[in-house]
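Residue strings, one per chain:
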Amino acid sequence: MTMRTPKSVLVTGGCGFIGSNFINQIYIRWPDAKIVNLDKLLPGSNACNVDCDLRNNAERYRLVVGDCCNRELTMKLLQDHQIDTIVHFAANSSVDDCYRDSVGAARNNVLAMTHFLEVCRLYDRLELFMHISTDEVYGDSGKDSQPKMEQSLLTPTNPYAATKASCEAMLNAYRVSYKLPTITARMNNVYGPRQCNAKVVPRFVLQAFEGQPFTVMSDGEQLRSWMYVDDCCEGLAKLAEQGRIGEIYNMGAKFELSILDLAKQIHEETKRQSPDTVADFSTVPMCDRPYIDRRYHIDTQKMEKEIGWTCTTSFEQGLQRTVAWYMRPPMDRQTEKILIYGGKGWIGSQFAKLCDDRAVAYVLGATRPGDDRDEVVEQEIVRVAPSHVVSFLGRTHGPGCNTIEYLEGGPDKLKENAQDNLYAPWLLATLCRKLGVHMTYVGTGCLFSYDKDHPIGGRGYTEDDEPNYFGNSYSVVKGYTDRVMHHFDDSVLNARIRLPVNFELDTRNLVAKVISYKQIFDMPNSITILPDILPILLDLMKKRYTGTLNMTNPGAVKHSETLAAYNRLVDAEKTWQVIGDDDPRAESMRSARANCALDTTKLQQLYPDLRSARDGVLEAIKHIAAQRAAQ
Amino acid sequence: MAGKVAYSPQNVLVTGGCGFIGSNFVNFIFNAWPNVKLVNLDKLILNSDACYVEKNIRDSDRYKLITGDIRNRSLVENLLQHHQIDTIINFAADCTSTRCYQNPVEALENNTVGFIEFLEAVRTYGGVQRFVHISTDEVYGDSSLAQDEQGKTESTMLSPQNPYAATKACCEAFVHSYRASYNLPIIILRINNIYGPNQWNVKVVPRFIQVAREQGKFTVQGTGEQLRSWLFVDDASEGIRRVAERGVLGEMYNLGTGFELNVLNVGRAIQKEVDQQLGRPEREAEFISIPDRPYNDLRYLIDSSKIERELGWKPVIPFDEGLRRVVASELREKKEEQRMNVVIYGGGGWIGQQFQALLKEKNIRFQLAECRIGKQPDAQVLEELISLAPTHVVSCTGRTHGGNFKTIEYLEGGADKANENVRDNLYCVIYLAEYCKKLGIHFAYIGTGYIFKYDEEHPVGGAGFKEGDIPNYFGNSYSVVKGFTDRMMTHFGEFEILNARITLPLNFELNEDRNLLAKIIQYPKIFDIPLSITVLPDCLPILVDLMEKRVGGNLNLMNPGPLSLHDILQLYKQCVDPNLKDYERIGVESEVGQRLKETKAHCTVDTTYVQSLSPILSSVDSLKAGFEKIRLSKNV
């Protein structure tokens, strides 16, 4: 048997559960190997799952944030690091996600991997491509049925398992057609430290620890085999060293336990370690899936005979370590790396500051989308390798003109307008979709005006409404941008904000502006209180939320209300005039701006505690007053 | 065991029923199931042809063709509901291994992702009783050439060895999961090598018949000793029928024959049959070897005893009989074809009308879209697009004039003009590109080259602008917006989305006031700078041809060889009208000329690409030919 010693390893999905444990283990096991970790930081992954020692060892370890579908990126990684071994963990392993969106799951797991295989084929210097699969590809096992052998039929019963069986089919085609040196490991359920909280073992531990009832799917009698993650990683490392190229290996523990019994054991172990917090054992049902496999029963003899590997950690030991790990204080988290375009603008810089405050990793984009050639922008995204892109780009003013009137004029103004307000965000959305990066477009709600279906004080415009205000060139172009963003409903967050307010004495802050006005045109409008909305925006990004969302605070505010509050709280002497409907200027003031209220039901469902626009304005005035007083 | 009482379908959806096996199945089953209604959903790709279905069926009330992609969920849900479909026979797939090798990701998108969308629609509908999914023996991988090699049975592990086979294995994985999760009543049928009428001529049998007819040499991949089994398509149709009627839900069945021949022997048999049918002396078949595909599967040997045992099916048509029928069919003259169902946006405009006329002349089916994109709600536009069920969409829309303005000056002005401009020149196009891509429809946008002007790298007389160049002319609002549209279209390139740039379009109808030629004859001053032009009577037929081939990407659709308007008029004077009234010629070197060159979108465009795709006359030759026609018609 030949022994391989990997020198330069690319691990995909290495911030996930098994991937990170695997990296931590091979760092010691293969002391001369360089490790590159490619991970797109899906929810549940954490860059800090990889031990601190590694993260600080730039010579031997490098994290690159990105998707396997990003061919430019993966080719560059393979070449730059002279990768000889790939261990491919990356996949969305949430069965529920895959049920919710089977097509998306196929794209995420199978198409992305096929892109990656194409790159591996062209690179052509791999010694090993080890693919991590699952026992779920076999489908259900009956109570008395024979254990599944590696050559058994694959009859997956859920879409997640179908994506994994599909990955294997593709891999097989590359193995035969292009002599790709593959090994496939089909693994049992794995448990241990660093697993994301949604999975059953950590879920039970946390429920026990919090004195909650255990949430159990189906009747809880379904059997699973449980492999401790350290055993699993050792097995994978041995496979990488000794496994026969082209072969498939089942990997697992001989130990089976039903979900209900698992819950009981976890309850006991948690109670042992933390007697004070754990309540009596009880369960509640949780929403069922369309189908629950009764048992995954695999035969692992091939692995034992050929590789000399078997699980050595007893379930009691494994469980004890796992429970102990989840009871420790939470570790550092790095779950995103954001590339910000327009980060030096008024709102962009506030967002960057928020990221600073929250220790969220970010990079400011240096290229100018639309102005630079598209390849240059794409190269930047590939080079920076973000998990998220957010665009605050937009043109609202320019030299000699502080308002959107700047955009009125000839072809030169239309070019700036179309380039910065439409093309640039569309380009970023297009590139991000292609490269598997989550994208947030900070757009505008200034696309509507009150009409008979949406009167003043009546119902607001929803996320599905199409722009109906075309009174200035800015709103016209932004209106089409909003409409094209609806084409990216599954990859882009289209955040409609409008009339932004913060708590500073700032010339772009709406409240600061209004309190300086002597004459006002008094229509109620939806506004965005940035100190409320920007943290929500960041949270939505972390959750990889997509689709259009009205991001204004609930309710609409009139300038006169703002000024009245100013009178009350700061300066009773301040006077102003309302331009009435009979004023000759009224009509042009009405038509030059989008005046409207947005429906914020969707946002309020997500964030029920969000304060009203009116309360936000009061807060802003208080802050401004304090700052004035301090001056 | 197989059902004792046969299931009896009422309303059957056949997908891919204009392809090879699908059309033969439709032709077969129409009579075998004399009371069923057949709906055929086909996107007419590759070699599919609506006329492969026999005319009496096409004319029957029991048959309906709907053109479209199975990934189009709304279309599929609507038709399942509308026709109360109870039975599905799913043939639809891109079945060419070579194409799948070139772009496995696209193959996966077409064959697997499209199929999952289809499963989702079927699951949502909920009324299907039987769903026969047609798979391939290639999912097993190949067999050895040994005499005692056993055929693959249904319980053999799958080992797909090329990307096409892998995409089909992926479909099977999803079939299993939808069967378990949603109880979809699916049966998998794995069919092996089939021959028969209506097969694409890249496949061995029709290709060989062609060669035999021309008495050429047969090309074979590698040694030509690959053993293949040969099942006549009507035998396969009978097998599919039995599976649909009596097959056990959730089961898999192999469908094939133990009859094997290598391609050398097939070549010999075909040469003999063709010579006989043509009444010629028999000729010795000759072969030449071409390189193999990256991995050429040697032999697919499957065991069909299950379907024989359980459903009583076995092939009954001997090879020489099958060959006789297929040769007869191939040698028959094809009378009709229908490979497209085009929807035109902006069909009422000057170019749109010419495009309509061209499609009429070519007997290509088309419909005009009524919705105004951007003006009407997007949902309404989408509903129309889906209900029209096109295979191809072409956009001749665009806003170049309006009101009292006959030129693009119309678009200069305030927000209202910006709105019309962005809506009609950008949004409309991008909307169609996006949805056509999502729905598996080919999209052709008639765009413009009016986004370039001569510059240092592209001087007068020098290199022209290429397909990959980005706009450098922003002198008017029209060009500004069209420039961004062009850049956006570039990003759709890898899909079946065609951005056909035209410049200075003209034809030879002098009574059409939007025709450049009609206009310049009246001009008092003419700027003498070379320009690329699009002679529509040459270029529109090329566009239609490229649409049929489903070509995507940017395309400079101009005649080769730039000409100045002065050159055109002089040519006109020479060929048509010696009394053409005088005009003032402005040279490039003059001060006015220099200014015009700097401020207008004058350019030469590189036409190498279009020339590589299609024969096309040079501007001069094309004009001469057109002028000659004008002269002749005037003389009449």
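Residues numbered from 1 in each chain as written. Chains lettered and ligands numbered in written order. Predicted model: local features only at pLDDT ≥ 70, side-chain atom pairs only at ≥ 80, totals over all residues. Heavy atoms only, no water.

The name an unreviewed UniProt entry gives chain B is dTDP-D-glucose 4,6-dehydratase, with Plectus sambesii as the organism. Check the Catalytic activity (unreviewed entry) section of the UniProt entry for chain B; it says "dTDP-alpha-D-glucose = dTDP-4-dehydro-6-deoxy-alpha-D-glucose + H2O". According to the UniProt record, the Sequence similarities (unreviewed entry) comment for chain B is "Belongs to the NAD(P)-dependent epimerase/dehydratase family. dTDP-glucose dehydratase subfamily." (UniProt positions renumbered as here; feature names shortened; annotations may be inferred.)

Within an unreviewed UniProt entry, the label attached to chain A reads dTDP-D-glucose 4,6-dehydratase, and the organism entered is Plectus sambesii. If you open the UniProt record of chain A and go to Catalytic activity (unreviewed entry), you find "dTDP-alpha-D-glucose = dTDP-4-dehydro-6-deoxy-alpha-D-glucose + H2O". In its Sequence similarities (unreviewed entry) section, the UniProt entry covering chain A states "Belongs to the NAD(P)-dependent epimerase/dehydratase family. dTDP-glucose dehydratase subfamily."

Visitor: Mind showing me how you'd approach the UniProt feature "domain: NAD(P)-binding" (unreviewed entry) in chain A here?
Guide: Here, UniProt's "domain: NAD(P)-binding" (unreviewed entry) annotation points to residues 10–322 of chain A. The annotated region residues 10–322 of chain A carries 41% helix and 18% strand content, and the separation between its end C-alpha atoms amounts to 27 Å. (Helix = DSSP H or I, 4+ residues; strand = E, 2+ residues; numbered from the N terminus.)

Visitor: Help me out: how do you make sense of empty space enclosed by the protein in this one?
Guide: To find leftover empty space, a probe the size of one water molecule is rolled over the atoms. Applying the stated rule across the entire model yields four cavities of 30 Å³ or more. Empty space within the largest cavity amounts to approximately 90 Å³. For the largest cavity, the lining is made up of 14 residues, of which Gly409 and Leu414 of chain A together with Gly413, Gly414 and Ala418 of chain B are closest to its centre. Of all elements in the fold, only helix 14 (411–435) of chain A together with helix 14 (415–439) of chain B reach the threshold of two or more residues within the lining of the largest cavity. Here the lining of the largest cavity takes three residues from helix 14 of chain B, the largest share from any one element. The residue inventory of the lining of the largest cavity, partitioned by class, reads four nonpolar, eight polar and two charged. Quantified by volume, the second largest cavity comes out at close to 60 Å³. Taken together, Leu499, Leu510, Val511, Asn525, Ile527, Val557, Lys558, His559, Thr562 and Val617 of chain A make up the lining of the second largest cavity. Among the elements of the structure, helix 16 (510–514) and helix 18 (559–569) of chain A are those that each provide at least two residues to the lining of the second largest cavity. (1 Å grid on protein atoms, 1.4 Å probe; cavity = no way out; pocket = protein on both sides within 12 Å on 5 of 7 lines; lining within 4 Å. Points joined across faces, edges and corners; volume = space filled by probe spheres on them. Nonpolar A, V, L, I, M, F, W, Y, C, P; charged D, E, K, R; others polar.)

Visitor: Where do I start with the interface of chain A and chain B in this structure?
Guide: A common way to state how big an interface is: give the accessible area lost once the parts meet. Chain A puts 67 residues into the contact, and the matching count from chain B is 69 residues. A buried area of about 5,400 Å², summed over both sides, lies between chain A and chain B, and 66% of it is on carbon and sulfur atoms. In this assembly, chain A and chain B are joined by four salt bridges. Between Glu109 of chain B and Arg107 of chain A there is a salt bridge whose closest N-O contact spans 2.5 Å. On inspection of chain A and its partner chain B, the count reaches 22 residue pairs in polar contact (both at pLDDT 80 or more). For the side of chain A that touches chain B, the secondary structure elements donating two or more residues are helix 5 (102–123), helix 6 (159–178), helix 14 and helix 15 (473–485) of chain A. The element that contributes the greatest number of residues to the side of chain A that touches chain B is helix 6 of chain A, accounting for 14 residues. Among the residues making up the side of chain A that touches chain B, the classes are represented as 32 nonpolar, 21 polar and 14 charged. (Contact = heavy atoms within 4.5 Å. Buried area = accessible area lost by both parts, 1.4 Å probe. Salt bridge = Lys/Arg side-chain N within 4 Å of Asp/Glu carboxyl O. Polar contact = N/O pair within 3.5 Å; in protein donor to acceptor, adjacent residues only side chain to side chain.)

Visitor: Sorry if this is basic, but what is going on with the domain arrangement of chain A here?
Guide: All names here are of chain A. Examined at the domain level, chain A breaks down into domain 1 (8–326) and domain 2 (338–503 + 527–554 + 596–610). With centres defined by C-alpha atoms, the gap from domain 1 to domain 2 works out at 37 Å. Each partner contributes residues to the interface: domain 1 has 11 residues there, and domain 2 has 10 residues. When the buried surface of domain 1 facing domain 2 is broken down by residue, Val65, Asn70 and Glu72 rank first, second and third, together holding 39% of it. Here domain 1 is connected to domain 2 by zero salt bridges. Looking at the side of domain 1 that touches domain 2, the elements that each hand over two or more residues are strand 3 (61–65) and helix 3 (71–80). (Domains from an automatic or database assignment.)

Visitor: Sorry if this is basic, but what is going on with the packing of helix 14 of chain A against helix 15 (residues 477–490) of chain B here?
Guide: Across the interface, helix 14 of chain A lies against helix 15 of chain B with an axial gap of 9 Å and an inter-helix angle of 20 degrees. Judged by the angle between their axes, helix 14 of chain A and helix 15 of chain B are roughly parallel. As for the relative orientation of helix 14 of chain A and helix 15 of chain B, their crossing is right-handed in sense. Contacts between helix 14 of chain A and helix 15 of chain B involve Pro411, Leu414, Lys415, Ala418, Gln419, Leu422, Tyr423 and Trp426 of chain A from the former and Ser477, Val480, Val481, Phe484, Arg487 and Met488 of chain B from the latter. Of the residues belonging to the contact of helix 14 of chain A with helix 15 of chain B, the class tally is 10 nonpolar, two polar and two charged. (Axes fitted to C-alpha atoms, helices over the stretch in contact; angles between N-to-C directions. Parallel < 35°, antiparallel > 145°, perpendicular 65-115°, else oblique. Left-handed = near helix turned anticlockwise from the far one by under 90°.)

Visitor: Would you explain helix 21 (residues 613–630) of chain A in this entry?
Guide: All names here are of chain A. Here helix 21 contains 18 residues, and its C-alpha end-to-end distance of 26 Å stays within 8% of the 26 Å for a straight helix at 1.5 Å per residue. Residues of helix 21 that are buried: Ala613, Gly616, Val617, Ala620, Ile621, Ile624 and Ala625. Buried positions along helix 21 lie against strand 18 (500–501), helix 16, strand 21 (528–529), strand 23 (556–557) and helix 18. (Expected span 1.5 Å × (residues − 1). Buried < 20%, exposed > 50% of the residue type's maximum accessible area, 1.4 Å probe, protein only.)

Visitor: Could you clarify how one ought to interpret the sheet that holds strand 14 (residues 361–364) of chain A in this entry?
Guide: Backbone-to-backbone hydrogen bonds join strands into a sheet, with any given pair of strands oriented parallel or antiparallel. Residue and element names in this part refer to chain A. If you trace the six strands from one edge of the open sheet to the other, you get 14-13-15-16-17-22, paired in parallel fashion. In the strand order of this sheet, the two ends are held by strand 14 and strand 22 (547–550), each with one partner. This sheet shows a mean twist of 20 degrees between the axes of neighbouring strands, independent of strand direction. Examined bridge by bridge, strand 13 (residues 337–341) and strand 14 share four bridges and lie parallel to one another. Within strand 14, the residue paired with Ile338 across the bridge is Tyr362. On top of the sheet, helix 14 reaches strand 13, strand 15 (388–391), strand 16 (438–444) and strand 17 (492–497); it is set at about 160 degrees to strand 16, its chief contact. (Pairing = 2+ DSSP bridges.)

Visitor: What should I look at first to understand the packing of helix 1 (residues 17–29) of chain A against helix 8 (residues 229–242) of chain A in this one?
Guide: Working note: a packed helix pair is described by the angle between its axes plus the distance between those axes. Residues and elements named next belong to chain A. Helix 8 packs onto helix 1 with a crossing angle of 60 degrees between their chain directions and a minimal axis gap of 9 Å. If you check the angle between helix 1 and helix 8, you find them oblique. Classified by chirality, the crossing of helix 8 by helix 1 is right-handed. Taken together, the residues of helix 8 that come into contact with helix 1 (itself represented by Phe17, Ile18, Asn21, Phe22, Gln25, Ile26 and Arg29) are Val229, Asp230, Cys232, Cys233, Glu234, Leu236, Ala237, Lys238 and Glu241. Its residues placed into classes, the contact of helix 1 with helix 8 shows nine nonpolar, two polar and five charged.

Visitor: For this particular structure, what's the right way to read the pattern of salt bridges?
Guide: Pairs may arise between side chains of opposite charge once their charged atoms sit close together. Residues and elements named next belong to chain A. For the structure on display, the rule yields 69 salt bridges over all chains. A salt bridge links Asp482 to Arg496, with the nearest nitrogen and oxygen atoms 2.8 Å apart. Taken as a pair, Asp482 in helix 15 and Arg496 in strand 17 lie far apart in primary sequence, 14 residues in all. The same class applies to Asp482 as to Arg496, namely buried. Through salt bridges with shared partners, a single network forms among Arg244, Glu247, Lys302 and Glu306.

Visitor: Looking at this structure, how should I read a negative patch on the surface?
Guide: A grouping of Asp101, Asp464, Asp489 and Asp490 of chain A is seen on the molecular surface, where their side chains present a negatively charged patch. Its location among the elements puts Asp464 of chain A in the loop between strand 16 and helix 15. (Patch = residues over 30% accessible without salt bridge, like charges linked within 9 Å, V, L, I, M, F, W, Y side chains within 5 Å. Areas by Shrake-Rupley, 256 points an atom, 1.4 Å probe, with all protein chains shown as cover. Lys, Arg positive; Asp, Glu negative; His and termini not counted. Charge placed at Lys NZ, Arg CZ, Asp CG, Glu CD.)

Visitor: What is the right way to look at the sheet that holds strand 17 (residues 442–448) of chain B in this model?
Guide: All names here are of chain B. If you trace the six strands from one edge of the open sheet to the other, you get 15-14-16-17-18-22, paired in parallel fashion. In this open sheet, the two strands that pair with only one neighbour each are strand 15 (365–368) and strand 22 (553–556). Each strand of the sheet is rotated relative to its neighbour by a mean of 20 degrees, with strand direction disregarded. Across four bridges, strand 14 (residues 341–345) lies against strand 16 (residues 392–395) in parallel orientation. By the bridge assignment for strand 16, Val343 is matched with Val393. Contacts between helix 13 (residues 378–388) and the sheet are confined to strand 14, strand 15 and strand 16, with strand 14 contributing the most and set at about 155 degrees to the helix. Its contacts with the sheet put helix 15 on strand 17, strand 18 (497–502) and strand 22, and the angle it makes with strand 17 is roughly 150 degrees.

Visitor: Explain the UniProt feature "domain: NAD-dependent epimerase/dehydratase" (unreviewed entry) in chain A here, please?
Guide: UniProt records the feature "domain: NAD-dependent epimerase/dehydratase" (unreviewed entry) for residues 338–501 of chain A in the present numbering. Secondary structure within residues 338–501 of chain A divides into 37% helix and 16% strand; the distance between the first and last C-alpha atoms comes to 24 Å.

Visitor: I tried to follow helix 12 (residues 350–361) of chain B on my own but got confused; where do I start?
Guide: Residue pairs three or four apart in sequence face the same way in an α-helix, which turns once every 3.6 residues. Residue and element names in this part refer to chain B. Compared with the 16 Å implied by 1.5 Å per residue over 12 residues, the 17 Å span of helix 12 between its first and last C-alpha is a close match. Looking only at helix 12, the buried set comprises Trp350, Ile351, Gly352, Gln354, Phe355, Gln356, Leu358 and Leu359. Note on helix 12: the residue one or two positions beyond its end, Asn363, has a positive phi of about 60 degrees.

Visitor: Explain the nonpolar core to me, please; I cannot follow it from the model alone.
Guide: Side chains of a nonpolar character, in soluble globular proteins, are inclined to be buried together. The biggest cluster of nonpolar side chains holds 143 residues, and the ones touching the most others in it are Phe129 of chain A together with Phe443 of chain B. Among the elements that make up this core, the one with the highest residue count is helix 14 of chain B (14 residues). The two domains that each donate at least three residues to this core are domain 1 (8–326) and domain 2 (338–503 + 527–554 + 596–610) of chain A. Sequence-distant contacts of Phe443 of chain B, defined by excluding residues within four places in its chain, comprise Val393, Ser395, Val429, Leu432, Ala433, Cys436, Met489, Glu496, Ile497 and Leu498 of chain B. Phe20, Val132, Ala285 and Val327 of chain B belong to the second-largest nonpolar core, a separate cluster that totals 56 residues. (Core = buried A, V, L, I, M, F, W, Y, C linked by side-chain atoms within 4.5 Å.)

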